[in-house]
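Survey of secondary and tertiary structure
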Amino acid sequence: MENCIFTKIIRKEIPAKIVHEDDQVLAFHDIKPQAPIHILVIPKKELVSLEDLTSEDQMLVGHIYMTIQKIARSMGFAEAGYRVVVNCRDDGGQEVPHLHFHLLAGRGLKWPPG
Ligand code: AMP
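Reference entry: report on the structure contained in this document.

Scoring rules and cut-offs
- Positions within a chain are numbered from 1, following the residues in the order the chain's sequence is written.
- Under the rules for a predicted model, residues below a pLDDT of 70 receive no local features and side-chain atom pairs below 80 are neither given nor counted, while totals for whole chains, interfaces and linings still include all residues.
- Think of the side-chain values as coming from all heavy atoms in the structure, minus any hydrogens and water.
- Here a residue is considered near a molecule or strand provided that any single heavy atom belonging to it is located within 4 Å of it.
- Counting of polar contacts relies on pairs of N or O atoms within 3.5 Å, with two restrictions inside protein: one atom must be capable of donating a hydrogen and the other of accepting it, and residues adjacent in sequence are counted only when both atoms are side-chain atoms.
- Each accessible area is a Shrake-Rupley result for a 1.4 Å probe, and residues are judged covered by the shown protein chains and nothing else.
- Comment: elements are numbered from the N terminus, with helices defined as DSSP H or I runs of at least four residues and strands as E runs of at least two.
- In this classification, the charged set is Asp, Glu, Lys and Arg, the nonpolar set is Ala, Val, Leu, Ile, Met, Phe, Trp, Tyr, Cys and Pro, and all remaining amino acids, among them Gly, are polar.
- Each residue's exposure class comes from its accessible area (1.4 Å probe, protein chains only) as a fraction of the maximum for that residue type: buried when under 20%, exposed when over 50%, partly exposed otherwise.
- Any two strands with at least two DSSP bridges between them are considered paired.

In the vicinity of the ligand, 16 residues are found, and the nearest of them are Asp30, Asn87, Glu95, His100 and His102. Between the ligand and Glu95, the relevant distance is 2.6 Å, taken from an oxygen atom to a main-chain nitrogen or oxygen of the residue. The contact in question runs from an oxygen atom of the ligand to an N or O atom on the backbone of Val96, over 2.9 Å. When the ligand is considered free in solution it has 510 Å² of accessible area, and contact with the protein chains removes 85% of it. If you list the elements that add at least two residues to the shell around the ligand, you get helix 1 (5–10) and strand 2 (25–29). Among the residues forming the shell around the ligand, the class breakdown is 7 nonpolar, 6 polar and 3 charged.

Another aspect to go through is the pairing of strand 2. Regular strands have side chains that alternate between both faces of the sheet. Most of strand 2 sits out of view: 4 of its 5 residues are buried. Bridging between strand 1 (residues 18–21) and strand 2 involves 3 bridges; their strand directions are antiparallel. Bridge pairing in strand 2 places Ile18 opposite Phe28. Connecting strand 1 to the antiparallel partner strand 2 that follows it, the hairpin turn spans 3 residues. Sheet topology note: the strand 2/strand 3 (residues 37–43) ladder contains 5 bridges and is antiparallel. The partner of His29 across the bridge, within strand 3, is Ile39.

Have a look at this one:
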């Protein structure tokens, strides 16, 4: 994971538009937004995908969701609503091998996804 783009963002080796950071989590704007608001929320812990979570990570996952709620409220789109997506491995459409939660908002989102 040394060369992973998100690891480099965590280490501040490449820039990102950061909206939240704490000791466990980093959140920043997606470089290729799929909605008017598209933020990626990632754990600082090096986890490749959702399939790499273990029971040790339960608090971390809870913290990620509470961080998403905090971002949605502070950026003013909590009331209108939003979507959280985790792409896992090849069939899930995951391209970056570091667990990340897509936070999408700012327009009515269609269902089902592609
Ligand atoms: P996924 O397909 O679920 O792995 O999503 C990876 C996401 O990372 C895509 O939405 C990309 O647009 C986004 N992305 C890739 N490189 C960067 C970057 N340097 N800064 C911000 N977002 C990025």
